[in-house]
Amino acid sequence: MKLGHIDIGNIPLMLAPMENITDSVYRQICRRHGADMVFTEFISSEALARDIDKSKSKFNHTEQEKPIGIQIFGHDPENMALSARMAEQANPLVIDLNFGCPVRKVVAKGGGAALLKDVNRMIAITKAVVKAVDIPVTAKTRLGWDINSVNIKEVAFRLQDAGIDMLTIHGRTRSQMYGGVADWEIIGEIARHPYFTIPLIGNGDIQSAEDAKMRLENYPVDGLMIGRSAMGYPWIFNEIKSYLHTGTIPVEPNIKERISVCRNHLKQSIPAKGEERAVFEMRKFYKNYFKGIHNFKPFRTRLFGAKSLAEVNAVLEEINDEFIDRL
Ligand SMILES: Cc1cc2nc3c(=O)[nH]c(=O)nc-3n(C[C@H](O)[C@H](O)[C@H](O)COP(=O)(O)O)c2cc1C
(Lines give C-alpha, C1' and ligand atoms only; values in the text may rest on other atoms or scores of the structure.)
Protein backbone atom coordinates (compact mmCIF):
# COMPACT_ATOMS: atom_id res chain seq x y z
CA MET A 1 0.00 0.00 0.00
CA LYS A 2 1.37 3.40 -0.98
CA LEU A 3 0.97 6.64 0.93
CA GLY A 4 2.49 9.54 -0.94
CA HIS A 5 5.83 8.29 -2.23
CA ILE A 6 6.27 5.64 0.49
CA ASP A 7 5.30 2.01 0.18
CA ILE A 8 4.17 0.92 3.63
CA GLY A 9 3.72 -2.70 2.66
CA ASN A 10 0.98 -5.12 1.83
CA ILE A 11 -1.75 -5.12 4.54
CA PRO A 12 0.12 -2.70 6.82
CA LEU A 13 -0.37 -3.04 10.57
CA MET A 14 -0.72 0.34 12.22
CA LEU A 15 -0.41 1.42 15.80
CA ALA A 16 -3.56 3.40 16.66
CA PRO A 17 -3.19 6.93 17.99
CA MET A 18 -3.82 6.86 21.74
CA GLU A 19 -3.64 9.87 24.00
CA ASN A 20 -1.06 9.50 26.79
CA ILE A 21 -0.02 6.11 25.42
CA THR A 22 1.51 6.41 21.96
CA ASP A 23 4.28 8.87 22.71
CA SER A 24 7.59 8.79 20.88
CA VAL A 25 9.10 6.10 23.12
CA TYR A 26 6.18 3.73 22.77
CA ARG A 27 5.94 4.34 19.02
CA GLN A 28 9.59 3.33 18.67
CA ILE A 29 8.94 0.15 20.64
CA CYS A 30 6.01 -0.76 18.39
CA ARG A 31 7.96 -0.04 15.22
CA ARG A 32 10.73 -2.35 16.47
CA HIS A 33 8.12 -5.04 17.04
CA GLY A 34 6.55 -4.96 13.60
CA ALA A 35 4.16 -1.99 13.40
CA ASP A 36 4.38 -0.70 9.82
CA MET A 37 3.13 2.77 10.64
CA VAL A 38 2.43 4.78 13.78
CA PHE A 39 0.47 7.89 14.69
CA THR A 40 0.98 10.59 17.28
CA GLU A 41 -1.57 11.14 20.02
CA PHE A 42 -4.20 13.62 18.87
CA ILE A 43 -3.14 17.26 19.08
CA SER A 44 -5.53 20.15 19.58
CA SER A 45 -5.65 22.58 16.68
CA GLU A 46 -6.91 25.27 19.04
CA ALA A 47 -3.83 24.84 21.20
CA LEU A 48 -1.60 24.84 18.14
CA ALA A 49 -3.22 28.01 16.86
CA ARG A 50 -2.34 29.59 20.23
CA ASP A 51 1.23 28.35 19.76
CA ILE A 52 1.21 26.26 22.95
CA ASP A 53 4.62 24.61 23.36
CA LYS A 54 3.31 21.44 24.99
CA SER A 55 1.10 20.76 21.97
CA LYS A 56 3.82 21.59 19.48
CA SER A 57 6.18 19.21 21.28
CA LYS A 58 3.83 16.37 20.32
CA PHE A 59 5.05 16.74 16.73
CA ASN A 60 8.47 15.49 17.82
CA HIS A 61 9.46 12.09 16.58
CA THR A 62 12.58 10.16 15.70
CA GLU A 63 13.69 8.65 12.40
CA GLN A 64 13.04 5.15 13.79
CA GLU A 65 9.32 5.89 14.14
CA LYS A 66 8.79 6.75 10.50
CA PRO A 67 6.47 6.30 8.69
CA ILE A 68 4.40 8.39 11.06
CA GLY A 69 1.17 10.34 10.87
CA ILE A 70 0.59 13.43 12.99
CA GLN A 71 -3.02 13.54 14.14
CA ILE A 72 -4.84 16.81 14.79
CA PHE A 73 -8.36 17.55 15.97
CA GLY A 74 -10.63 20.57 16.11
CA HIS A 75 -13.74 22.09 14.59
CA ASP A 76 -12.51 25.22 12.87
CA PRO A 77 -11.32 24.77 9.26
CA GLU A 78 -8.87 27.70 9.47
CA ASN A 79 -7.25 26.48 12.70
CA MET A 80 -7.08 22.96 11.33
CA ALA A 81 -5.41 24.19 8.13
CA LEU A 82 -2.95 26.27 10.14
CA SER A 83 -2.20 23.33 12.45
CA ALA A 84 -1.71 21.01 9.50
CA ARG A 85 0.83 23.43 8.02
CA MET A 86 2.65 23.55 11.37
CA ALA A 87 2.61 19.75 11.61
CA GLU A 88 3.90 19.44 8.05
CA GLN A 89 7.09 21.24 9.12
CA ALA A 90 7.88 18.26 11.36
CA ASN A 91 8.03 16.14 8.21
CA PRO A 92 5.55 13.32 8.90
CA LEU A 93 4.34 11.04 6.13
CA VAL A 94 0.72 12.18 6.56
CA ILE A 95 -1.52 14.54 8.47
CA ASP A 96 -4.34 12.56 10.05
CA LEU A 97 -7.66 14.21 10.90
CA ASN A 98 -9.44 13.02 14.01
CA PHE A 99 -13.16 12.76 13.31
CA GLY A 100 -13.86 10.04 15.87
CA CYS A 101 -12.82 11.07 19.36
CA PRO A 102 -15.85 10.47 21.61
CA VAL A 103 -14.73 12.21 24.81
CA ARG A 104 -16.92 14.97 26.16
CA LYS A 105 -14.28 17.70 26.32
CA VAL A 106 -13.61 17.24 22.58
CA VAL A 107 -17.15 16.81 21.24
CA ALA A 108 -18.48 19.64 23.42
CA LYS A 109 -16.33 21.97 21.34
CA GLY A 110 -17.54 20.47 18.06
CA GLY A 111 -14.40 18.40 17.39
CA GLY A 112 -13.73 14.65 17.01
CA ALA A 113 -16.87 12.54 16.67
CA ALA A 114 -19.12 15.63 16.89
CA LEU A 115 -18.26 16.20 13.23
CA LEU A 116 -20.21 13.04 12.38
CA LYS A 117 -23.26 15.20 13.17
CA ASP A 118 -22.02 18.03 10.97
CA VAL A 119 -20.63 16.36 7.87
CA ASN A 120 -20.58 19.62 5.90
CA ARG A 121 -18.17 21.05 8.46
CA MET A 122 -16.11 17.85 8.44
CA ILE A 123 -15.77 18.17 4.70
CA ALA A 124 -14.94 21.89 4.91
CA ILE A 125 -12.17 21.05 7.39
CA THR A 126 -10.87 18.27 5.18
CA LYS A 127 -10.82 20.44 2.06
CA ALA A 128 -9.08 23.26 3.93
CA VAL A 129 -6.38 20.91 5.22
CA VAL A 130 -5.89 19.14 1.87
CA LYS A 131 -5.43 22.55 0.26
CA ALA A 132 -3.06 23.75 3.00
CA VAL A 133 -0.43 21.00 2.84
CA ASP A 134 1.58 19.19 0.19
CA ILE A 135 1.67 15.82 1.97
CA PRO A 136 -1.12 13.20 2.04
CA VAL A 137 -4.06 13.81 4.37
CA THR A 138 -5.79 10.88 6.05
CA ALA A 139 -8.78 10.66 8.38
CA LYS A 140 -9.96 8.44 11.21
CA THR A 141 -13.57 8.22 12.22
CA ARG A 142 -16.38 6.04 13.59
CA LEU A 143 -19.59 4.55 12.18
CA GLY A 144 -21.74 7.51 13.15
CA TRP A 145 -22.91 9.47 16.16
CA ASP A 146 -25.27 6.80 17.46
CA ILE A 147 -27.02 3.66 16.30
CA ASN A 148 -29.85 5.73 14.78
CA SER A 149 -27.54 7.91 12.73
CA VAL A 150 -24.96 5.58 11.24
CA ASN A 151 -23.71 7.65 8.30
CA ILE A 152 -20.24 6.26 7.67
CA LYS A 153 -20.97 5.39 4.03
CA GLU A 154 -21.86 8.97 3.15
CA VAL A 155 -18.95 10.19 5.26
CA ALA A 156 -16.46 7.83 3.61
CA PHE A 157 -17.50 8.76 0.09
CA ARG A 158 -17.48 12.48 0.81
CA LEU A 159 -14.10 12.32 2.54
CA GLN A 160 -12.71 10.53 -0.49
CA ASP A 161 -14.17 13.21 -2.76
CA ALA A 162 -12.64 15.89 -0.52
CA GLY A 163 -9.19 14.52 -1.27
CA ILE A 164 -8.05 12.28 1.59
CA ASP A 165 -5.60 9.49 0.77
CA MET A 166 -6.62 6.91 3.38
CA LEU A 167 -9.50 6.36 5.77
CA THR A 168 -9.49 4.47 9.07
CA ILE A 169 -12.82 3.37 10.49
CA HIS A 170 -13.28 2.31 14.11
CA GLY A 171 -16.37 0.07 14.04
CA ARG A 172 -18.27 1.82 16.82
CA THR A 173 -20.56 4.81 17.07
CA ARG A 174 -19.74 7.74 19.31
CA SER A 175 -22.45 6.69 21.76
CA GLN A 176 -20.79 3.34 22.23
CA MET A 177 -17.59 5.03 23.39
CA TYR A 178 -15.47 1.89 23.91
CA GLY A 179 -18.31 -0.40 25.03
CA GLY A 180 -19.97 -3.29 23.25
CA VAL A 181 -18.22 -4.86 20.30
CA ALA A 182 -16.88 -3.24 17.16
CA ASP A 183 -19.10 -3.84 14.14
CA TRP A 184 -17.04 -4.54 11.04
CA GLU A 185 -19.97 -5.24 8.68
CA ILE A 186 -20.21 -1.70 7.30
CA ILE A 187 -16.42 -1.45 7.19
CA GLY A 188 -16.54 -4.51 4.92
CA GLU A 189 -19.31 -3.01 2.79
CA ILE A 190 -17.31 0.13 2.19
CA ALA A 191 -14.16 -1.87 1.45
CA ARG A 192 -16.09 -3.79 -1.21
CA HIS A 193 -17.88 -0.78 -2.67
CA PRO A 194 -16.71 0.04 -6.21
CA TYR A 195 -16.99 3.80 -5.59
CA PHE A 196 -14.56 3.67 -2.69
CA THR A 197 -11.05 3.37 -4.10
CA ILE A 198 -8.68 4.87 -1.50
CA PRO A 199 -7.03 2.61 1.11
CA LEU A 200 -9.35 1.64 3.96
CA ILE A 201 -7.99 0.64 7.35
CA GLY A 202 -10.15 -1.39 9.73
CA ASN A 203 -9.99 -0.74 13.47
CA GLY A 204 -11.67 -2.03 16.57
CA ASP A 205 -11.21 -4.99 18.91
CA ILE A 206 -8.36 -6.79 17.16
CA GLN A 207 -7.01 -8.77 20.08
CA SER A 208 -4.89 -11.50 18.58
CA ALA A 209 -3.27 -12.82 15.44
CA GLU A 210 -6.23 -15.15 14.82
CA ASP A 211 -8.57 -12.23 15.21
CA ALA A 212 -6.62 -10.18 12.66
CA LYS A 213 -6.69 -13.02 10.13
CA MET A 214 -10.41 -13.57 10.63
CA ARG A 215 -11.11 -9.85 10.00
CA LEU A 216 -9.06 -9.84 6.82
CA GLU A 217 -10.79 -12.96 5.54
CA ASN A 218 -14.22 -11.46 6.09
CA TYR A 219 -13.67 -7.78 5.47
CA PRO A 220 -11.37 -6.87 2.57
CA VAL A 221 -9.68 -3.83 4.11
CA ASP A 222 -6.24 -2.63 3.01
CA GLY A 223 -4.70 -2.62 6.47
CA LEU A 224 -5.39 -3.02 10.16
CA MET A 225 -5.03 -0.58 13.03
CA ILE A 226 -4.49 -1.84 16.56
CA GLY A 227 -4.93 0.14 19.75
CA ARG A 228 -5.59 -1.33 23.17
CA SER A 229 -4.18 -4.77 22.43
CA ALA A 230 -0.86 -3.17 21.55
CA MET A 231 -0.78 -1.13 24.76
CA GLY A 232 1.94 -2.99 26.71
CA TYR A 233 2.00 -5.87 24.24
CA PRO A 234 3.97 -4.64 21.21
CA TRP A 235 4.63 -8.27 20.24
CA ILE A 236 1.13 -8.41 18.75
CA PHE A 237 2.38 -6.84 15.50
CA ASN A 238 4.94 -9.53 14.74
CA GLU A 239 2.57 -12.23 15.94
CA ILE A 240 -0.02 -11.07 13.39
CA LYS A 241 2.58 -10.78 10.64
CA SER A 242 3.92 -14.23 11.28
CA TYR A 243 0.45 -15.74 11.37
CA LEU A 244 -0.60 -14.03 8.14
CA HIS A 245 2.57 -15.03 6.29
CA THR A 246 3.38 -18.46 7.67
CA GLY A 247 0.28 -19.63 9.52
CA THR A 248 2.22 -19.95 12.77
CA ILE A 249 2.34 -17.64 15.77
CA PRO A 250 5.71 -17.19 17.45
CA VAL A 251 5.91 -18.35 21.06
CA GLU A 252 4.96 -15.64 23.54
CA PRO A 253 7.84 -13.49 24.77
CA ASN A 254 9.51 -14.96 27.83
CA ILE A 255 9.80 -13.13 31.12
CA LYS A 256 13.27 -11.78 30.39
CA GLU A 257 12.12 -10.25 27.12
CA ARG A 258 9.04 -8.71 28.73
CA ILE A 259 11.05 -7.24 31.57
CA SER A 260 13.68 -5.91 29.21
CA VAL A 261 11.15 -4.08 26.98
CA CYS A 262 9.22 -2.79 30.02
CA ARG A 263 12.36 -1.58 31.78
CA ASN A 264 13.67 0.22 28.71
CA HIS A 265 10.26 1.74 28.08
CA LEU A 266 10.32 3.35 31.51
CA LYS A 267 13.98 4.36 31.34
CA GLN A 268 13.56 6.02 27.96
CA SER A 269 10.41 7.85 29.07
CA ILE A 270 12.16 9.67 31.90
CA PRO A 271 14.10 12.33 29.94
CA ALA A 272 10.90 13.72 28.36
CA LYS A 273 8.50 13.31 31.31
CA GLY A 274 10.56 13.29 34.47
CA GLU A 275 10.88 10.26 36.72
CA GLU A 276 7.74 10.72 38.78
CA ARG A 277 5.38 11.07 35.82
CA ALA A 278 7.07 8.38 33.79
CA VAL A 279 6.78 5.92 36.70
CA PHE A 280 3.12 6.85 37.20
CA GLU A 281 2.21 6.50 33.52
CA MET A 282 3.82 3.07 33.24
CA ARG A 283 0.94 1.74 35.32
CA LYS A 284 -1.22 1.63 32.18
CA PHE A 285 1.16 -0.84 30.57
CA TYR A 286 1.93 -3.43 33.24
CA LYS A 287 -1.24 -5.46 32.73
CA ASN A 288 -0.33 -6.28 29.14
CA TYR A 289 3.43 -6.46 29.57
CA PHE A 290 2.80 -9.35 31.92
CA LYS A 291 -0.45 -10.70 30.49
CA GLY A 292 -1.09 -14.41 30.69
CA ILE A 293 1.28 -14.95 33.60
CA HIS A 294 -0.25 -17.03 36.33
CA ASN A 295 -0.38 -15.55 39.85
CA PHE A 296 1.09 -12.25 38.72
CA LYS A 297 -1.36 -10.01 40.57
CA PRO A 298 0.69 -9.42 43.76
CA PHE A 299 3.59 -8.24 41.61
CA ARG A 300 1.36 -5.96 39.60
CA THR A 301 0.10 -4.40 42.81
CA ARG A 302 3.69 -3.77 43.84
CA LEU A 303 4.55 -2.26 40.45
CA PHE A 304 1.56 0.04 40.91
CA GLY A 305 2.85 1.10 44.29
CA ALA A 306 6.40 1.82 43.11
CA LYS A 307 7.26 5.50 43.19
CA SER A 308 10.69 5.64 41.55
CA LEU A 309 12.71 4.02 38.79
CA ALA A 310 14.78 2.20 41.41
CA GLU A 311 11.66 0.79 43.08
CA VAL A 312 10.20 -0.38 39.74
CA ASN A 313 13.50 -1.99 38.80
CA ALA A 314 13.69 -3.77 42.14
CA VAL A 315 10.21 -5.27 41.60
CA LEU A 316 11.16 -6.23 38.02
CA GLU A 317 14.20 -8.07 39.42
CA GLU A 318 11.96 -10.01 41.77
CA ILE A 319 9.58 -10.81 38.91
CA ASN A 320 12.53 -12.14 36.96
CA ASP A 321 13.61 -14.38 39.85
CA GLU A 322 10.07 -15.60 40.49
CA PHE A 323 9.04 -16.42 36.93
CA ILE A 324 12.28 -17.14 35.08
CA ASP A 325 11.76 -20.89 35.16
CA ARG A 326 8.03 -20.78 34.63
CA LEU A 327 7.70 -18.94 31.34
C1 LIG B 1 -6.52 5.51 26.01
C2 LIG B 1 -6.99 5.74 24.58
C3 LIG B 1 -6.64 6.92 23.94
C4 LIG B 1 -7.06 7.15 22.62
N5 LIG B 1 -6.68 8.29 21.99
C6 LIG B 1 -7.00 8.47 20.66
C7 LIG B 1 -6.48 9.57 19.93
O8 LIG B 1 -5.74 10.41 20.44
N9 LIG B 1 -6.86 9.68 18.62
C10 LIG B 1 -7.67 8.74 18.00
O11 LIG B 1 -7.97 8.85 16.80
N12 LIG B 1 -8.16 7.69 18.68
C13 LIG B 1 -7.81 7.52 19.98
N14 LIG B 1 -8.24 6.40 20.63
C15 LIG B 1 -9.00 5.37 19.89
C16 LIG B 1 -8.06 4.32 19.27
O17 LIG B 1 -7.20 4.89 18.33
C18 LIG B 1 -8.85 3.18 18.60
O19 LIG B 1 -9.61 3.72 17.57
C20 LIG B 1 -9.77 2.46 19.58
O21 LIG B 1 -9.11 2.16 20.80
C22 LIG B 1 -10.30 1.15 18.96
O23 LIG B 1 -9.24 0.30 18.62
P24 LIG B 1 -8.81 -0.96 19.57
O25 LIG B 1 -10.05 -1.77 19.79
O26 LIG B 1 -7.76 -1.69 18.78
O27 LIG B 1 -8.31 -0.37 20.84
C28 LIG B 1 -7.85 6.17 21.95
C29 LIG B 1 -8.19 4.99 22.62
C30 LIG B 1 -7.76 4.76 23.90
C31 LIG B 1 -8.15 3.48 24.58
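Small disclaimer: the values here were computed from a predicted structure and weren't measured.

### Regarding the overall build of the protein
Regarding its fold elements, the protein presents 15 helices and eleven strands. A compact globule built from 327 residues should have a C-alpha radius of gyration of about 20 Å, and the protein, at 20 Å, falls within 12% of that. When burial is assessed residue by residue, the protein has 44% of its 327 residues classed as buried. Considering only contacts in the protein between residues 6 or more positions apart, those separated by 24 or more positions represent 68%.

### Here we look at helix α15 (residues 309–323)
The end-to-end C-alpha separation of α15 is 21 Å, in line with the 21 Å expected for 15 residues at 1.5 Å each. When we look at burial in α15, the residues that qualify are V312, L316, I319 and F323. Taken end-on, α15 shows its buried residues confined to a sector of 55 degrees, consistent with a single buried face. The exposed set on the far side of α15, more than 90 degrees from its buried face, consists of A310, E317, E318 and D321.

### What to know about the environment of I29
Inspection of the secondary structure assignment puts I29 in helix α1 (residues 24–32). Distance from I29 to E65, taken between C-alpha atoms, is 8.7 Å for residues 36 residues apart in sequence. Setting aside anything within four residues of it in sequence, one finds I29 in contact with P234, V261 and H265.

### Things to note about unusual backbone geometry
The peptide bond linking K66 to P67 adopts the cis configuration, its omega dihedral lying at 0 degrees. By the element assignment, P67 lies in the loop between α3 (53–56) and β6 (68–73). Positive phi values are uncommon outside glycine, yet N20 reaches one of about 60 degrees. Topologically, N20 is positioned in the loop between β3 (13–15) and α1. One non-glycine residue, N91, adopts positive backbone phi at about 65 degrees. Following the sequence through the fold, N91 ends up in the loop between α4 (77–89) and β7 (94–99).

### Topic: the site of the ligand
Taken together, 21 residues surround the ligand, and among them A16, M18, F42, G227 and R228 come closest. Counted by class, the shell around the ligand contains eight nonpolar, eight polar and five charged residues.

### With respect to the domain arrangement of the protein
Along its sequence, the protein is carved into domain 1 (2–246) and domain 2 (255–323). Spacing between the C-alpha centres of domain 1 and domain 2 amounts to 29 Å. Counting residues at the interface gives nine residues for domain 1 and twelve residues for domain 2. Residue composition of the side of domain 1 that touches domain 2, grouped by class: seven nonpolar, two polar and no charged.

### Remarks on the environment of V221
On the secondary structure map, V221 appears in the loop between α9 (209–218) and β11 (223–226). C-beta crowding within 10 Å serves as the criterion here: with 24 such atoms nearby, V221 is assigned to the buried category. Separated by 34 residues in sequence, V221 and I187 place their C-alpha atoms 7.8 Å apart. Setting aside chain neighbours within four positions, we find V221 in contact with I187, A191, L200, I201 and G202.

What counts and what doesn't
Residues numbered from 1 in each chain as written. Predicted model: local features only at pLDDT ≥ 70, side-chain atom pairs only at ≥ 80, totals over all residues. Helix = DSSP H or I, 4+ residues; strand = E, 2+ residues; numbered from the N terminus. Rg over C-alpha atoms; globule rule 2.2 N^0.38 Å. Buried ≥ 20, exposed ≤ 12 C-beta atoms within 10 Å, placed from the backbone. Contact = placed C-beta atoms within 7 Å. Expected span 1.5 Å × (residues − 1). Arc of directions from axis to C-beta. Near = placed C-beta within 6 Å. Nonpolar A, V, L, I, M, F, W, Y, C, P; charged D, E, K, R; others polar. Domains from an automatic or database assignment.

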